[in-house]
Amino acid sequence: MKKFIAAALAAGIGMALSATGASAQATLAQVKQRGILNCGSNTGLAGFGVPDAQGNWKGLDVDLCRAISATIFNDPNKVKFIPLSAKDRFTALQSGEVDVLVRNSTWTMTRDASLGLLFTGVNYYDGQGFLVRKKLGVNSALQLNGASVCTQQGTTTELNLADYFRANNLKYEVVAFATSDETVKAYDAGRCDAFTTDASGLYAERLKLTNPDEHLVLPEIISKEPLGPSVRNNDPQWFNLIKWVHFAMLNAEELGVTQANVEQQLKSENPEIKRLLGTEGKFGEQVGLTADWVVRIVKHVGNYGESFERNVGQGSLLKIARGQNGLWTKGGLQYAPPVR
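These numbers come from a predicted model, not from an experiment. (Residues numbered from 1 in each chain as written. Predicted model: local features only at pLDDT ≥ 70, side-chain atom pairs only at ≥ 80, totals over all residues. Heavy atoms only, no water.)

Caption draft 1: Geometry of helix H6 (residues 156-167). Look at H6: 16 Å from first C-alpha to last across 12 residues, which is about the 16 Å you get at 1.5 Å a residue. Among all positions of H6, only Thr156, Thr157, Asn160, Leu161, Tyr164 and Phe165 are buried. For H6, the angular spread of the buried residues around the axis is 155 degrees, confining them to a single face. Facing away from the buried side of H6 by over 90 degrees, the exposed positions are Leu159, Arg166 and Ala167. Buried residues in H6 make contact with helix H5 (109-114), strand S8 (128-133), strand S9 (147-152), strand S10 (172-177), strand S11 (194-198) and strand S13 (225-227). Just downstream of H6, Asn169 is the residue with a positive phi angle, here 55 degrees. (Helix = DSSP H or I, 4+ residues; strand = E, 2+ residues; numbered from the N terminus. Expected span 1.5 Å × (residues − 1). Buried < 20%, exposed > 50% of the residue type's maximum accessible area, 1.4 Å probe, protein only. Arc of directions from axis to C-beta. Contact = heavy atoms within 4.5 Å.)

Caption draft 2: Geometry of the confidence of the model for the protein chain. Here the protein chain averages 91 in pLDDT, while 93% of its residues score no lower than 70. In the predicted structure, residues 1-24 sits below a pLDDT of 50 and forms six contacts with residues beyond four places in sequence or in another chain. (pLDDT = per-residue confidence, 0-100.)

Caption draft 3: Focus on the packing of helix H9 (residues 236-254) against helix H12 (residues 293-300). Where H9 contacts H12, the two axes come as close as 10 Å, and the packing angle between them is 70 degrees. When the axes of H9 and H12 are compared, the pair comes out roughly perpendicular. Between H9 and H12 lies a crossing of right-handed hand. On H12, the residues that touch Trp244, Val245, Ala248, Met249 and Ala252 of H9 are Trp293, Val294, Ile297 and Val298. Residue composition of the contact of H9 with H12, by class: nine nonpolar, no polar and no charged. (Axes fitted to C-alpha atoms, helices over the stretch in contact; angles between N-to-C directions. Parallel < 35°, antiparallel > 145°, perpendicular 65-115°, else oblique. Left-handed = near helix turned anticlockwise from the far one by under 90°. Nonpolar A, V, L, I, M, F, W, Y, C, P; charged D, E, K, R; others polar.)

Caption draft 4: How the structure looks around the pattern of salt bridges. All chains considered together, the criterion is met by 10 salt bridges. Of the charged contacts, one joins Arg322 and Glu253 as a salt bridge, the two residues approaching to 3.0 Å between their closest N and O atoms. Of this pair, Arg322 sits in the segment after helix H13 (304-311) while Glu253 sits in helix H9, placing them 69 residues apart in sequence. We note that Arg322, like Glu253, is buried. Between Asp292 and Arg296 there is a salt bridge; the shortest N-O distance is 3.3 Å. (Salt bridge = Lys/Arg side-chain N within 4 Å of Asp/Glu carboxyl O.)

Caption draft 5: Highlighting the layout of surface pockets. The calculated volume of the largest pocket comes to roughly 380 Å³. Tyr125, Asp126, Gly127, Ala199 and Gln324 are, among the 26 residues lining the largest pocket, the residues nearest its centre. Top contributing element to the lining of the largest pocket by residue count: helix H8 (residues 199-206), with four residues. For the lining of the largest pocket, a count of residues per class yields 13 nonpolar, seven polar and six charged. (1 Å grid on protein atoms, 1.4 Å probe; cavity = no way out; pocket = protein on both sides within 12 Å on 5 of 7 lines; lining within 4 Å. Points joined across faces, edges and corners; volume = space filled by probe spheres on them.)

Caption draft 6: Looking closely at helix H2 (residues 26-34). Among the residues of H2, Thr27, Leu28 and Val31 are the ones counted as buried. Looking down the long axis of H2, one finds its buried residues gathered within 100 degrees of arc, a one-sided arrangement. Elements that come into contact with the buried residues of H2 comprise strand S1 (37-41), helix H3 (60-73), strand S14 (230-232) and H9. Backbone geometry just downstream of H2 places Gly35 in the positive-phi region, at approximately 85 degrees.

Caption draft 7: Region of the structure containing the side chain of Asn38. Here Asn38 shows up in strand S1. Not counting chain neighbours up to four residues away, the residues in contact with Asn38 comprise Lys80, Ile82, Glu97, Val98, Asp99 and Val100.

Caption draft 8: Representation of the nonpolar core within the structure. Ile68, Val100, Trp238 and Leu241 are the most contacted members of the largest nonpolar core, which totals 56 residues. Elements represented by at least two residues in this core include exactly H2, S1, H3, strand S4 (79-83), H9, helix H11 (271-277), H12 and H13. Top contributing element to this core by residue count: H9, with 11 residues. Those residues in contact with Val100 that sit more than four places away from it in its chain are Leu37, Asn38, Cys39, Gly40, Ile68, Leu93, Pro229, Ser230, Val231, Trp238 and Ile242. Judged by nonpolar contacts, the second largest core, of 14 residues, contains Phe130, Ala141, Val149 and Leu161. (Core = buried A, V, L, I, M, F, W, Y, C linked by side-chain atoms within 4.5 Å.)

Structural data, given as structure tokens:
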């Protein structure tokens, strides 16, 4: 009897492990079979995720999706970008409508612990700010007592706004809208005194206003907004793959591997570069990819610094300084574990 029970338990454990293994490879296998990555994106935020006049998506978040596609297919264009509102984004990921959500979403404890999702890292460190008209004569958010403030529903922005005004004993009127476009249009039309969202979003949305130069981003940053990709929490292999795509782009920048020199760097004798580019070790296999997975990323998309500069940095219309998003070696917060 004991032998029977032991055998049954062993069989049960084996089946459980088999099921776990199947689950762990489900998303990657589905993406490969489908032949395209479904990436949840912004409905249109300059610098992060927006289609141009020809319908080609561009932005920092877009580049991360393209990097994922490059690792899997050796092609950065096998991505279907699915625009999602703030209200619908997590539901779309939970339901399987998208494989990964890369849509300037803030990593919080509640989202991490109660939505059945996992954030894979931070691809942009941000913080909430305020945009006002220069003619309002306001130079600080502390001068916004009694102001009406436009914000988007279903975001951490609403909560941060309430916390800030309550903590500073200020009165305000919230004017909330379902989408980012509605919020920006309402502010531009004068329906509120100030507009609040992540600081990066303020620089992007200001470009949409009738007269962008007539508006000022106030100096206060009232929250921590670590923005990053998220995946469903039932697939550890997929979680690791998405996480390490971002880390690979950071490590490439730190080691000086760029789009222009990646082919040459394949001949490098630097042990860190050899491991990163797959000429030594089998690190790609650990996440279900080929040995040249990082080469594919850098060749097709570039390293993190290259993506940052062309999308939101000095090579873009936004011209945002690296600041907290600089590498740790240069005083920033972007730090990647080593490939080893």
